[in-house]
Amino acid sequence: IFYGDFQEHPRYGLQFHATHYRKELPNTREGIIQYLSGDLFKGIGKKTAEAIVDTLGENAITRILEDPTVLDEVPKLSKKKAKKLYETLQIHQGLEKIIIALNGYGFGPQLSMRIYQAYREDTLTVIESNPYQLVEDVEGIGFGRADELGAKLGITGKHPDRLKAASLYTLQQLCLQEGHAYILRDELIEQVKRLLEENRPEEIMPEEIEHILLELEEEGKLIAEQKRTYVPSLYFAEKGVASNIKRILEQERDHIQFPESEILLALGEVEEDLGIEYAPTQREAIQKAITSPMLILTGGPGTGKTTVIKGIVEVYSRLHGCSLNPKDYKEEPFPFILAAPTGRAAKRMSESTGLPALTIHRLLGWSGADHFEYDEDNRMAGKMIIIEEMSMVDVWLAN
């Protein structure tokens, strides 16, 4: 049975616009037998379905849903089949009831199905006890939608569940949508307060939000360090990046160390050949890349990062006396690995440097036997690896 109304479409004429539907249970002997012996109920054939209806009558489905033990009366029906039959009925009839109830709360079919998949038969219990749980568990439901439902269910403006949902939602939005690794505590409290008061005209004190943030920290839903507040996944990503950078910087250097004068001489030659003059910070970056196990170079668009990369490979090739032409390497591997997070970025990197570049995905998936040389510690030996346009998580994964 479909519910909705008729609407006049400008092109296709009169149409029925359905808002929701429910399945009508069969109410005749033949209909119930056909329903129970269908593909939905594995192991229940026509004879078993007839036996169920003959024993329990034409309201068999309702009787089973109200009390599954009535199936014990059906001759030759095993307990295993009876249990499976009841569970299948409960799932499908329960789903329809839940979808209808969610529609009453203003959720469309797709969102209702997502909610059901998150909570199954506990859907209505979860929503009616704490509608703000939807913000954490169901993609596509923001704080505003959950707050509307909370108001309908009579949840007050200062209810702890409401304050917790607003805090987590604000932290997630600021970090994951705007690209912050953490939010300063005072700024987070201010933003949460604004969100709460915009949705309902009731003043929320900063101390109340601070108390809720402490509770969320105890529950492990956020991490606080000094005046910074983190989404847990980003906190551990940052820790992973830091520990890996520390590990790389502390590893023993087993390749040639060049004196500063020799590096500066090679750098001068590169500037002359390329017809450019590097800025002091760019020269410093090139020197550090040549002498350090790892370099992180930051800067906005157009600040010369790619020009620095070109300088790094050029200086490296001069110092080590190696060619930048991949065709010159027949037996030994090409000594430079250039990579980027996306194919587009890798292509741009290759065009600007004149060297082959690949994605991080391909870099991590390649076999060392074909493309890289490894030493006994399974580290790439004698390579200049440059990865451009990486986010913090990219660095964490690559290491």
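A short tour of the structure in this document, coming up. Along each chain, the written sequence defines residue order, and numbers are assigned to residues from 1. Totals for whole chains, interfaces and linings use all residues, but because this is a predicted model, local features are given only for residues with pLDDT of at least 70 and pairs of side-chain atoms are given and counted only at 80 or more. Only hydrogens and water are set aside; all other atoms, that is, all heavy atoms of the structure, feed into the side-chain values.

On a plain count of helices and strands, the protein comes out with 19 helices and eight strands. For 399 residues, the compact-globule formula gives about 21 Å, and the C-alpha radius of gyration of the protein, at 32 Å, lies well above that figure. The C-alpha extent of the protein, read off along each of the three principal axes, is 95 × 60 × 55 Å. Across the 399 residues of the protein, 37% fall into the buried class. Every residue pair with non-hydrogen atoms within 4.5 Å of one another is taken to be in contact. Long-range pairs, those at least 24 residues apart, make up 52% of the contacts in the protein with a sequence separation of at least 6. Each accessible area is a Shrake-Rupley result for a 1.4 Å probe, and residues are judged covered by the shown protein chains and nothing else. Carbon and sulfur atoms provide 51% of the accessible area of the protein, an area that totals close to 23,700 Å². Taken together, the 46 basic and 64 acidic charged side chains of the protein have centroids lying 7 Å from each other. Strands here are runs of E lasting at least two residues and helices are runs of H or I lasting at least four, both read from the DSSP assignment and numbered beginning at the N terminus. With C-alpha atoms as the basis for the radius of gyration, the globule rule is written as 2.2 Å multiplied by the number of residues raised to the power 0.38. Residue burial is assigned from relative accessible area. The probe radius is 1.4 Å, only protein chains are included, and a residue is buried under 20% of its type maximum, exposed over 50%, and partly exposed in between. Charge counting treats Lys and Arg as positive and Asp and Glu as negative, with His and both chain ends excluded. Charge positions are represented by NZ for Lys, CZ for Arg, CG for Asp and CD for Glu.

Here we take up the pattern of salt bridges. The term salt bridge refers to a side-chain nitrogen of Lys or Arg lying within 4 Å of a carboxyl oxygen of Asp or Glu. Taken as a whole, this structure holds 20 salt bridges when the rule is applied. With a shortest N-O distance of 2.1 Å, D273 and R318 are connected by a salt bridge. On the criterion of sequence distance, the pair formed by D273 in helix α13 (residues 260-274) and R318 in helix α15 (residues 305-320) is long-range, its members being 45 residues apart. By relative accessible area, R318 is classed as partly exposed at 29%. The structure contains a network of salt bridges with shared partners spanning E136, K164, E215, E219 and K221.

Axis definition: a line fitted to C-alpha atoms, over the contacting stretch in the case of helices. Angles run 0 to 180 degrees between N-to-C directions. Two numbers describe how helix α4 (residues 79-104) lies on helix α5 (residues 109-119): the axes approach to 10 Å, and their chain directions differ by 125°. As summarised for this structure, α4 and α5 are arranged oblique, according to the angle between their axes. Note on packing geometry: the crossing formed by α4 with α5 is right-handed. In this structure, α4 contributes I91, L95, I98, I99, L102 and N103 to the contact, and α5 contributes S112, M113, I115 and Y116. Only Asp, Glu, Lys and Arg are considered charged in this grouping, and only Ala, Val, Leu, Ile, Met, Phe, Trp, Tyr, Cys and Pro are considered nonpolar; every other residue, Gly among them, is considered polar. Within the contact of α4 with α5, the residues separate by chemical class into eight nonpolar, two polar and no charged. When describing relative orientation, an angle under 35 degrees is termed roughly parallel and one over 145 degrees roughly antiparallel, while 65 to 115 degrees is termed roughly perpendicular and anything else oblique. Two helices crossing with the near one rotated counterclockwise from the far one by less than a right angle form a left-handed crossing, whereas a clockwise rotation gives a right-handed crossing.

For the rest of this paragraph, the subject is the pairing of strand β2 (residues 13-21). For two strands to be treated as a pair, DSSP must find at least two bridges joining them. Direction of pairing for strand β1 (residues 2-9) relative to β2: antiparallel, over a ladder of eight bridges. Looking across to β2, one finds that Y3 is bridged to H20. Adjacent in sequence and paired antiparallel, β1 and β2 are bridged by three residues.

Attention now moves to the packing of helix α8 (residues 143-152) against helix α10 (residues 185-199). Contact pair α8 / α10: the axes reach a minimum separation of 11 Å and the direction vectors enclose 45°. Considering their axes alone, α8 and α10 lie oblique with respect to each other. Seen along the crossing, α8 lies across α10 with a hand that is right-handed. Between α8 and α10, the residues in contact are F143, G144 and D147 and L195, L196 and N199, respectively. The residue inventory of the contact of α8 with α10, partitioned by class, reads three nonpolar, two polar and one charged.

Next up on the list: the sheet that holds strand β5 (residues 228-230). Overall, antiparallel pairing links the three strands, which are arranged β3-β5-β4 in an open sheet. Strands with a single pairing partner mark the edges of an open sheet, and in this sheet they are β3 (183-184) and β4 (223-225). Sheet analysis places β4 next to β5, joined by three bridges and oriented antiparallel. By the bridge assignment for β5, A224 is matched with T229.

By convention, a stacked pair of Phe, Tyr or Trp rings (six-membered ring in the case of Trp) has centres within 6.5 Å and planes under 30 degrees apart, an edge-to-face pair has planes over 60 apart, and any other such pair is tilted. With the rule as written, the count across this model stands at ten aromatic pairs. Chaining the aromatic ring pairs together yields one cluster made of Y182, Y230, Y235 and F236. The ring of Y182 has R228 sitting right over it, with the charged end atom 5.4 Å from the ring centre. When the NZ atom of lysine or the CZ atom of arginine is within 6 Å of a ring's centre and also within 35 degrees of its normal, the charge is said to sit over that ring.

On to the nonpolar core, then. Ranked by internal contacts, the top residues of the largest apolar core, which has 26 residues, are F143, L171, L196, I209 and L213. Secondary-structure elements contributing two or more residues to this core are α8, α9 (160-177), α10 and α11 (206-218). The biggest single contributor to this core is α9, with seven residues. Sequence-distant contacts of I209, that is, excluding residues within four places in its chain, are made with S167, I189, V192, K193, L196 and I204. By nonpolar core is meant a set of buried Ala, Val, Leu, Ile, Met, Phe, Trp, Tyr and Cys residues that side-chain atoms within 4.5 Å join together. Within the second largest apolar cluster, 25 residues are counted, among which are C322, L338, L355 and I386.

Here we take up the side chain of R228. Inspection of the secondary structure assignment puts R228 in strand β5. What qualifies as a polar contact is a pair of N or O atoms within 3.5 Å, subject to a donor-acceptor requirement within protein and to the restriction that residues adjacent in sequence count only when both atoms come from side chains. A distance of 3.3 Å separates polar atoms of two side chains, one belonging to R228 and the other to Q226. Discounting residues that sit within four places of it in the chain, R228 has contacts with Y182, I183, L184 and I223.

Listed in full, the buried residues belonging to helix α2 (residues 46-56) are A49, A51, I52, V53 and L56. Next to the buried residues of α2 lie α1 (29-36), α3 (60-66) and α4. Looking one or two places after α2, you find G57, whose phi comes out positive at around 90°.

Here the focus is a nonpolar patch on the surface. The residues that make up patches have over 30% relative accessible area and no salt bridge, and they are joined within 9 Å when like-charged or within 5 Å when they are Val, Leu, Ile, Met, Phe, Trp or Tyr. Judged by side-chain polarity, F2, F6, L14, F16 and Y21 come together as a nonpolar surface patch covering roughly 600 Å² of accessible area. Put simply, the parts of the chain that give the nonpolar patch at least two residues each are β1 and β2. The greatest single-element share of the nonpolar patch, amounting to three residues, is contributed by β2. Note that F16 resides in strand β2. Residue F16 is classed as partly exposed on the basis of its relative accessible area of 37%.

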